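One letter stands for each residue in the lines below.
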Amino acid sequence: MYESVIGLEVHVQLSTLSKIFSGSSTSFGASPNTQASLIDLGMPGVLPTPNAKVFEMAVKFGLAIEAKIGKTSVFDRKNYFYPDLPKGYQITQLDAPIVGLGHVNITLEDGTTKRINITRAHLEEDAGKSLHNSFDRLTGIDLNRAGTPLLEIVSEPELRSAKEAVAYLRVIHSIIRYLDISDGNMAEGSMRCDCNVSIRPQGSKILGTRTEIKNVNSFRFVEKAINSEINRQIDSIEDGQQIIQETRLYDPDKNETRPMRSKEEANDYRYFPDPDLLPVVLSDAFITSCRNSLPELPESRKARYMEAYGISQYDAGVLVADRDVADYFAEIAETSGDGKLSANWVMGNVLADLNQTGRSISEFPVEANDIASLIIRIKDKTLNSKTAKTVFEALLSGEGSVDSIIKERGLVQVTDTGALRSVVDTVIENNPHQVTNYRVAAPDKQGKMLGFFVGQVMKISQGKANPQMVNQILLDKLSG
Amino acid sequence: MSLSGADIQCVAKLARLRLTEAETTSTLSQLNSILTMIDSMQAVITEGVAPLAHPLELTQVLRIDEVTEENAREAYQMTAPAIKDGLYLVPRVVE
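Residues numbered from 1 in each chain as written. Chains lettered and ligands numbered in written order. Predicted model: local features only at pLDDT ≥ 70, side-chain atom pairs only at ≥ 80, totals over all residues. Heavy atoms only, no water.

**What to know about the overall build of chain A**
When helices and strands are tallied, chain A shows 15 helices and 15 strands. Taking 2.2 N^0.38 as the reference for a compact globule, 480 residues should give roughly 23 Å; the C-alpha atoms of chain A span a radius of gyration of 29 Å, well beyond that estimate. If one aligns the C-alpha atoms of chain A with their principal axes, the spans along those axes are about 95 × 55 × 50 Å. When burial is assessed residue by residue, chain A has 50% of its 480 residues classed as buried. Summing over all exposed atoms, chain A offers an accessible surface of approximately 22,600 Å²; the carbon and sulfur share of this is 50%. Taking the average place of the 53 positive charges on the side chains of chain A and the average place of its 63 negative ones, the gap between the two points comes to 3 Å. (Helix = DSSP H or I, 4+ residues; strand = E, 2+ residues; numbered from the N terminus. Rg over C-alpha atoms; globule rule 2.2 N^0.38 Å. Buried < 20%, exposed > 50% of the residue type's maximum accessible area, 1.4 Å probe, protein only. Areas by Shrake-Rupley, 256 points an atom, 1.4 Å probe, with all protein chains shown as cover. Lys, Arg positive; Asp, Glu negative; His and termini not counted. Charge placed at Lys NZ, Arg CZ, Asp CG, Glu CD.)

In structure tokens, the structure reads:
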């Protein structure tokens with residue numbers, strides 16, 4: 001049996017207006033090279049000036065993961081040649097990163113919590129983009145992204161499965177979104193993930209040779225890429241081969257990893273302190289002001305929601321993962337006064353719609369207030385679960401408020417005993433055969449058979465009958 | 001510590017420099033003399049001394065986060081050997 005050992009390096013683009021060392025815009029999707037200044041182009045004679053905002057963002061992240069903050073932060077040059085890196089070096093941090101050892105908690109599938117240590121997080125600049133496919137034997141270079149601020153977050157190799165890696169990545173995503181330091185959009189590359197993977201015999205303390213899967217760009221691919229790499233390594237070892245330390249790429253179409261063409265001696269980056277930049281010293285007052293501006297973080301919000309709204313740990317975890325969803329849920333729960341029902345509606349209907357359509361909660365067409373009104377109408381028995389669903393669909397297609405939809409569509413639940421009795425009588429009359437079968441059936445079979453009659457009553461009442469009352473009347477009449 | 005000719009070739013390759021035989025020899029002797037000087041500096045006791053990241057005893061001034069650069073692509077690309085659709089063109093690099 002093998003055990004996998006996984007560590008993640010997560011690159012997060014910080015959502016500043018301007019770049020880390022220049023006053024160029026960082027906005028996404030601009031025409032190529034229109035946001036690349038002389039500094040970003042690596043022209044001789046220019047000097048980088050760091051953006052104050054990136055230190056605030058990085059310190060907030062450090063405080064959120066309870067890390068040691070590097071009060072003196074030094075920038076280094078990492079030297080390598082690639083056309084989308086015009087200076088021939090990347091400005092990064094080697095020995096004196098802004099964020100030191102910290103940790104986060106992840107929730108495992110069995111509901112238990114595991115602490116994952118974060119070795120460090122450092123500031124660096126992003127490179128430009130190389131476009132290989134548009135030109136014959138040439139590569140196009142767009143340097144708009146060059147100099148965009150990145151926070152690289154490095155975990156300890158403490159993750160033991162692809163699922164744990166994804167859980168960790170989701171926690172990081174949730175924290176950066178709560179802190180509002182990045183949009184965390186993996187599809188647009190605002191959050192990218194390198195996965196270091198090795199395997200070893202279960203129980204062994206020695207680390208196996210690791211490979212690094214570069215630039216995986218979705219939660220789903222992180223899980224699939226790691227699993228396919230674990231399987232590849234197991235197959236190689238079982239075949240008596242050695243694992244080579246190398247960088248690999250994940251191909252989602254084939255669901256396999258393959259080696260990147262190795263750059264010779266590429267790992268000799270010859271780091272040295274950047275002489276263009278002085279050490280950045282952060283005052284205690286600055287760190288305190290960052291601490292004072294920290295928002296409530298996902299873990300504490302989760303505990304608060306469990307307490308305030310009486311919902312389960314699992315439900316709370318799902319609801320607080322995204323700050324906007326958490327706010328949306330809280331508004332519904334407060335207005336409707338029913339936490340559990342609000343949780344069920346948000347998870348079962350709202351989040352289901354977001355998953356299906358791929359839209360975010362801010363793009364969702366139904367206001368929290370409308371879902372709350374819907375829940376109030378379920379609680380006062382105007383709606384049953386079936387008609388509530390109809391109202392929800394009508395809200396989605398913009399048919400007005402809950403009460404006007406109920407009125408226009410005539411969805412008020414029938415709770416008039418006389419009316420329900422007469423419907424039940426009709427159903428019993430029309431189905432003599434089923435009635436006889438029901439009456440001779442064993443008591444433990446009858447429950448299931450009752451469903452048939454309930455279904456018939458609901459059909460005649462067009463879904464508007466109160467199901468609890470229908471059940472009671474049916475039980476009375478069928479036993480008689 | 002002293003370097004060999006192979007070390008010089010390796011460093012030159014990383015720096016994208018093409019050195020002739022003669023240049024390799026002279027660079028080797030220059031770098032070795034620098035290393036000899038560093039060897040003698042190793043005798044200094046540095047225990048308890050923090051590494052110096054910069055010779056100036058100053059700290060970095062920061063800039064507020066605002067966009068101050070305007071698009072000057074046309075001017076910047078005048079010196080580029082090859083451009084198309086706003087992109088710089090370079091010999092194909094494939095990963």
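**Some points on the interface of chain A and chain B**
By convention, interface size is frequently given as the accessible area that disappears when the constituent parts associate. Facing the 55 residues of chain A at the interface are 36 residues of chain B. For the chain A and chain B pair, buried surface summed over both sides reaches about 4,000 Å², with 61% attributable to carbon and sulfur atoms. The three residues of chain A that bury the most area against chain B are Phe81, Phe135 and Leu278 of chain A, which together make up 15% of that side's buried surface. Counting across the interface, chain A meets chain B through zero salt bridges. (Contact = heavy atoms within 4.5 Å. Buried area = accessible area lost by both parts, 1.4 Å probe. Salt bridge = Lys/Arg side-chain N within 4 Å of Asp/Glu carboxyl O.)

**A look at the sheet that holds strand β13 (residues 256-259) of chain A**
Residues and elements named next belong to chain A. Read from one edge of the open sheet, eight strands run β5-β6-β9-β1-β10-β11-β12-β13, paired in mixed fashion. Pairing within the sheet leaves two strands with one partner each, and these edge strands are β5 (102-107) and β13. Neighbour to neighbour, the strand axes of the sheet diverge by 30° on average, direction disregarded. (Pairing = 2+ DSSP bridges. Axes fitted to C-alpha atoms, helices over the stretch in contact; angles between N-to-C directions.)

**Here's the deal with the sheet that holds strand β3 (residues 76-79) of chain A**
Residue and element names in this part refer to chain A. Strand order in this open sheet of three strands is β4-β3-β14, and the pairing throughout is antiparallel. With partners counted over all chains shown, the strands left at the sheet margins are β4 (89-92) and β14 (272-273), one partner each. Examined bridge by bridge, β3 and β4 share four bridges and lie antiparallel to one another. Opposite asparagine 79, over in β4, you have tyrosine 89 as the bridge partner.

**Some remarks on helix α2 (residues 21-41) of chain B**
Residues and elements named next belong to chain B. Along its 21 residues, α2 runs 30 Å from first to last C-alpha, staying within 8% of the 30 Å computed at 1.5 Å per residue. Residues of α2 that are buried include every one of Thr24, Leu28, Asn32 and Leu35, and no others. The buried residues of α2 all sit within an arc of 70° when viewed along its axis, so they share a single face. Along α2, exposed side chains directed more than 90 degrees from the buried face belong to Ala22 and Met41. As for α2, its buried residues are in contact with α1 (5-14). (Expected span 1.5 Å × (residues − 1). Arc of directions from axis to C-beta.)

**Remarks on the nonpolar core**
Note that soluble globular proteins tend to have their nonpolar side chains buried in a common cluster. All names here are of chain A. Counting 103 residues, the largest nonpolar core has Leu8, Val10, Phe61, Leu123, Ile153, Tyr168 and Ile226 as the members making the most contacts within it. At 11 residues, helix α2 (residues 162-179) tops the list of elements feeding residues into this core. Apart from the residues lying within four places of it in its own chain, the contact partners of isoleucine 226 are Ile6, Leu8, Ala162, Ala165, Cys195, Val197 and Ile213. Ranked by size, the runner-up nonpolar core spans 17 residues in total, among them Val424, Val427, Val457 and Leu474. (Core = buried A, V, L, I, M, F, W, Y, C linked by side-chain atoms within 4.5 Å.)

By themselves, these are just geometric observations and shouldn't be taken as functional.
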